[in-house]
Amino acid sequence: MCAIAGIIGLAGEEPVLSKMLATMSRRGPDESGIQRARGATLLHARLTVIDPDGGRQPMSLEMAGERYTLIYNGELYNTQPLRRELEALGHRFTGHSDTEVVLHAYAQWKQGCVERFNGIFAFAVWEESAQRLFFARDRIGVKPLFYMLHQGGLLFASEIKTILAYPTVRAELDEEGAAQILLMGPGRVPGSGVFRGVREVEPGWYGSYALGKLHLSRYWRLTDREHREDFPETAAHVRALVTDAILRQTVSDVPIGTFLSGGLDSSLITAICAREMAERGTVLPTFSVDYADNDKYFVPNKFQPNSDGYYIRRMQEAVPTEHHLCVLTAQELVDEVENATYARDLPGMADVDFSLLAFCRQIKRHVTVALSGECADEIFGGYPWYRDPEVRERDGFPWAQNTAERLALMQPELRWKLDGAAFVREHYEKTCRESDILPGTPPLERRMKQMVNLNFRWFMQTLLDRKDRMSMFSGLEVRVPFCDYRIAEYLYGVPWEFKDYGGKEKGLLRYAMEGILPQEVLWRKKSPYPKTFDPEYLRLVSDRLRALLAQKDAPLFALVSRQAAEHILEAEPVWPWYGQLMRRPQTIAYLLQINAWMTHYEVNPV
């Protein structure tokens, strides 16, 4: 994995390039490169995973009178078959990196190459003779790619901070950006970078830029189709897809490990990877996170019915691995407020981000690549709101049923300028309308497909942002096998009745993977990423918010009402702020992140 950036049709003096590269160094700590060409400057910072010598970037190729230069962030999981196909067409390779395959594939098939890729990627290719930039992002949106049309040119980068490093770009926040922070955050509108003028290439899209004109096209989306397999056939299909996706992602020239929470998804990945590593004669490193005194303070609830420790121990007994446990204190979480905000370039998921950032730092000491279980819940229907009829039938984003409370948090002047409820409703309804659903689909099945698309386009992207930014901040590459687009395509057409097998969340996945895990792990009730229940954490974040309230000019209060912030210190909200985990302590921490974000980037509300 890496960081990429480009300056098209704009000046790029040496001090500017150095400043931009400095923002990329955490994603790419191993080496960096700059390629100047007529009309373009391309920057790359590399985290070396495959072919250390043959994968250096920017990488160029001359073919049929054109010179192509590539910068690429990602991993292809079908490199070898693509390489063989290209070799049969006359291409010759000097190394074994997927970077070289991406470059040759683009030279051969142009934009059609992306439909042949199975992987996670964001890349750009400069065609020097044509004076044209091509760029693309993977189908699911695992790897980020932001851009900005600026002063007659184009800036693009893996992270927003790199664009903001360009000297004439200002960190401005308009009313729509403020609405996203307060009414949707830490989620954001698909394609938006929240900062004024900053956009994101959406998952499954590619684009081009030439002669000052930008063109964007969609090449992939979730598409409904008639499902003709019975339940046993479907389960066998799922087992084959999931197993193949996991095994494809064990390819690496550097040490590899897995996250292990004791939940279904990470345990499946761990069991399959451990077996594969054993066949290679190595032991798989695994990693879990917990909190100091968690046994003392953990409180079972609807969303988190039990803690993970017992199930992690059961996996250790069943699967031979080299296990590492990271235990964090409340103070260590609070110490990451600013780092996590800078890593994401936006306010995030509070201590869920803080803990992951600290956790990834520990993992990086042992491995460079780790596999994680994100996105199974969106695809297989694992979240509580998939199976709660009350929430499922209510209009609005199911993970944020609190628009009125969020509106009450806004500064009155800002609240009066926009119809916040309409803003949220319009984006919700637009996503529902865009869901691809076959004619004649029964009402429940129709609603479940809308739910999948809502989660896929919104909630899952927030989690992928979190995992990418928190891991890459420490130069750790995290792969997500359940984001294999073949799994998403297939499962979208599978009836809800199959997914809900046995009335159990992800029942189909559990049934399909029988025999791989201990039964009590395989059929364990879903529990989300662990959060702390330590009252010391609430005290620490509350003290920090009180300190902000005592300041006359804290940036937070350009957006947030002081009175509403004071109320949050005392009252537990009816609904979580976002998802399952963000209750009062996390909502307070989110406000701290907003203030840290506005301070660090000198955000100017306009």
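The following paragraphs examine the structure supplied in this document.

Conventions and cut-offs
Residues numbered from 1 in each chain as written. Predicted model: local features only at pLDDT ≥ 70, side-chain atom pairs only at ≥ 80, totals over all residues. Heavy atoms only, no water. Helix = DSSP H or I, 4+ residues; strand = E, 2+ residues; numbered from the N terminus. Rg over C-alpha atoms; globule rule 2.2 N^0.38 Å. Buried < 20%, exposed > 50% of the residue type's maximum accessible area, 1.4 Å probe, protein only. Contact = heavy atoms within 4.5 Å. Salt bridge = Lys/Arg side-chain N within 4 Å of Asp/Glu carboxyl O. Core = buried A, V, L, I, M, F, W, Y, C linked by side-chain atoms within 4.5 Å. Pairing = 2+ DSSP bridges. Axes fitted to C-alpha atoms, helices over the stretch in contact; angles between N-to-C directions. Polar contact = N/O pair within 3.5 Å; in protein donor to acceptor, adjacent residues only side chain to side chain. Phe/Tyr/Trp six-rings, centres within 6.5 Å; stacked < 30°, edge-to-face > 60°. Left-handed = near helix turned anticlockwise from the far one by under 90°. Nonpolar A, V, L, I, M, F, W, Y, C, P; charged D, E, K, R; others polar. Arc of directions from axis to C-beta. Patch = residues over 30% accessible without salt bridge, like charges linked within 9 Å, V, L, I, M, F, W, Y side chains within 5 Å. Areas by Shrake-Rupley, 256 points an atom, 1.4 Å probe, with all protein chains shown as cover. Lys, Arg positive; Asp, Glu negative; His and termini not counted. Charge placed at Lys NZ, Arg CZ, Asp CG, Glu CD.

A word on the overall build of the chain. A count of helical and extended segments in the chain gives 26 helices and 19 strands. A globule of 606 residues ought to have a C-alpha radius of gyration of about 25 Å, and the chain, at 23 Å, matches this closely. Expressed along its principal axes, the backbone C-alpha trace of the chain runs to roughly 65 × 60 × 55 Å. Burial analysis of the chain (606 residues in total) assigns 64% to the buried set. Taking all contacts inside the chain whose residues are at least 6 apart in sequence as the whole, residues at least 24 apart take part in 73%.

This part takes up the pattern of salt bridges. Pairing between side chains of opposite charge can happen when their charged atoms approach one another. Tallying each qualifying case throughout the model produces 49 salt bridges. The shortest N-O distance in the salt bridge between Arg 457 and Glu 202 comes to 2.8 Å. With Arg 457 in helix 19 (residues 443-472) and Glu 202 in the loop between strand 11 (199-200) and strand 12 (205-210), this pair connects stretches of sequence that are 255 residues apart. The partner of Asp 377 in a salt bridge is Lys 506, and the shortest N-O contact between them spans 2.9 Å. One end of the pair, Asp 377, is in helix 13 (residues 376-380); the other, Lys 506, is in the loop between helix 21 (496-499) and helix 22 (507-512), with 129 residues separating them in the sequence. Across the pair, exposure class does not vary: Asp 377 and Lys 506 are buried alike. Connected via shared salt-bridge partners are Arg 27, Arg 137, Lys 143, Glu 159, Lys 161, Arg 188, Glu 200, Asp 345, Asp 465, Asp 468 and Arg 469.

Ranked by internal contacts, the top residues of the largest apolar core, which has 203 residues, are Phe 123, Ile 140, Phe 195, Phe 380 and Trp 597. No other element matches the 12 residues that helix 19 contributes to this core. If we skip the residues at most four places from it in the chain, Phe 195 touches Ile 160, Leu 164, Ala 171, Glu 172, Asp 345, Leu 346, Trp 597, Tyr 601 and Val 603. Counting 16 residues, the second-largest nonpolar core is a separate cluster that includes Ile 4, Ala 40, Leu 133 and Leu 154.

Here we take up the sheet that holds strand 15 (residues 284-291). If you trace the five strands from one edge of the open sheet to the other, you get 16-15-14-17-18, paired in parallel fashion. Single-partner strands in this sheet number two, and they are strand 16 (321-328) and strand 18 (477-479). Strand-to-strand twist of the sheet, defined as the mean angle between neighbouring strand axes without regard to direction, takes the value 30 degrees. Bridging between strand 14 (residues 256-259) and strand 17 (residues 369-371) involves three bridges; their strand directions are parallel. Each residue of the ladder has a partner; that of Gly 257, found in strand 17, is Ala 370. Lying on the sheet, helix 12 (residues 351-364) is in contact with strand 14, strand 15 and strand 16; it crosses strand 15 at an angle near 145 degrees.

Further remarks concern unusual backbone geometry. With the exception of glycine, the majority of residues adopt a negative phi angle, and the majority of peptide bonds are in the trans configuration. Look at the link from Gln 57 to Pro 58: it is a cis peptide, with omega at -5 degrees. In this fold, Pro 58 is placed in the loop between strand 3 (40-46) and strand 4 (59-63). Backbone geometry at Ala 350 places phi at a positive 55 degrees, although glycine is not the residue there. On the secondary structure map, Ala 350 appears in the loop between helix 11 (337-344) and helix 12. The residue Glu 602 is not glycine, and still its phi comes out positive at about 50 degrees. Relative to the helices and strands, Glu 602 resides in the loop between helix 26 (584-600) and strand 19 (604-605).

Moving on, we come to the pairing of strand 2 (residues 31-37). Summarising the sheet, strand 2 and strand 3 pair through seven bridges and their orientation is antiparallel. Within strand 3, the position partnered with Ala 37 by the bridge is Ala 40. Hairpin connection from strand 2 to strand 3: two residues lie between these consecutive antiparallel strands, with Gly 39 at a positive phi of about 95 degrees.

A separate point is the sheet that holds strand 9 (residues 153-157). Spatial ordering of the open sheet is given by 2-3-1-9-8-11, a layout of six strands whose pairing is antiparallel. Where the open sheet ends on each side, the last strands, each with one partner, are strand 2 and strand 11. Of the strands in this sheet, strand 1 (2-8), strand 2 and strand 3 are in contact with helix 1 (residues 14-24), which crosses strand 3 at around 35 degrees.

With respect to the helices, strands and loops of the structure, Thr 286 is situated in strand 15. A distance of 3.2 Å separates the side chain of Thr 286 from the side chain of Thr 321, its partner in a polar contact. At 2.7 Å, the side chain of Thr 286 and the side chain of His 323 are in polar contact. If near-sequence neighbours (up to four positions away) are discounted, Thr 286 is found in contact with Thr 258, Leu 260, Thr 270, Thr 321, Glu 322, His 323 and His 324.

Along helix 20 (residues 485-492), seven of the eight residues are buried, which leaves the element largely enclosed by surrounding structure. Of the residues making up helix 20, those classed as buried are Tyr 485, Arg 486, Ile 487, Ala 488, Tyr 490, Leu 491 and Tyr 492. Those residues of helix 20 hidden inside the fold are in contact with helix 6 (231-248), helix 13, helix 19, helix 21 and helix 22.

Another point: the packing of aromatic side chains. In this description, a pair of aromatic rings is defined by centroid distance and the angle of the planes. Counted by the stated rule, this structure contains 32 aromatic pairs. Both rings, one in Tyr 106 and one in Phe 134, keep their centres 4.9 Å apart while their planes meet at 25 degrees; by these two values the pair is stacked. A residue pair is termed long-range when its members are at least 10 positions apart, and Tyr 106 in helix 3 (residues 98-109) and Phe 134 in strand 7 (residues 132-137) qualify at 28 residues. For Tyr 106, a relative accessible area of 0% translates into the label buried. Among the residues examined, Phe 134 registers a relative accessible area of 1% and is labelled buried. Within the aromatic cluster, the residues linked to one another by ring pairs are Tyr 68, Tyr 106, Phe 117, Phe 121, Phe 123, Phe 134, Tyr 206 and Tyr 219.

With their axes 9 Å apart at the nearest point, helix 11 and helix 26 run at an angle of 65 degrees to one another. Where helix 11 crosses over helix 26, the handedness of that crossing is right-handed. The segment helix 11 lies against helix 26, with Val 337, Glu 338, Ala 340, Thr 341 and Tyr 342 engaging Leu 592, Gln 593, Ala 596, Trp 597 and His 600. Class assignment of the residues belonging to the contact of helix 11 with helix 26 gives a composition of six nonpolar, three polar and one charged.

The α-helix winds at 3.6 residues per turn, so residues separated by three or four positions along the chain end up facing the same way. For helix 2 (residues 79-88), the complete set of buried residues consists of Thr 79, Leu 82, Arg 83 and Leu 86. What you see down the axis of helix 2 is that its buried residues fit within an arc of 100 degrees, all on one side. Turned more than 90 degrees off the buried face of helix 2, the exposed positions are Arg 84 and Ala 88. Each element contacted by the buried residues of helix 2 is listed here: strand 5 (66-76) and helix 3. Following helix 2 by one or two positions, Gly 90 adopts a phi angle in the positive range, close to 105 degrees.

A cluster of acidic residues, Asp 395, Asp 419, Glu 426 and Glu 429, forms a negative patch at the surface. Within the fold, Glu 426 resides in helix 18 (residues 420-434).

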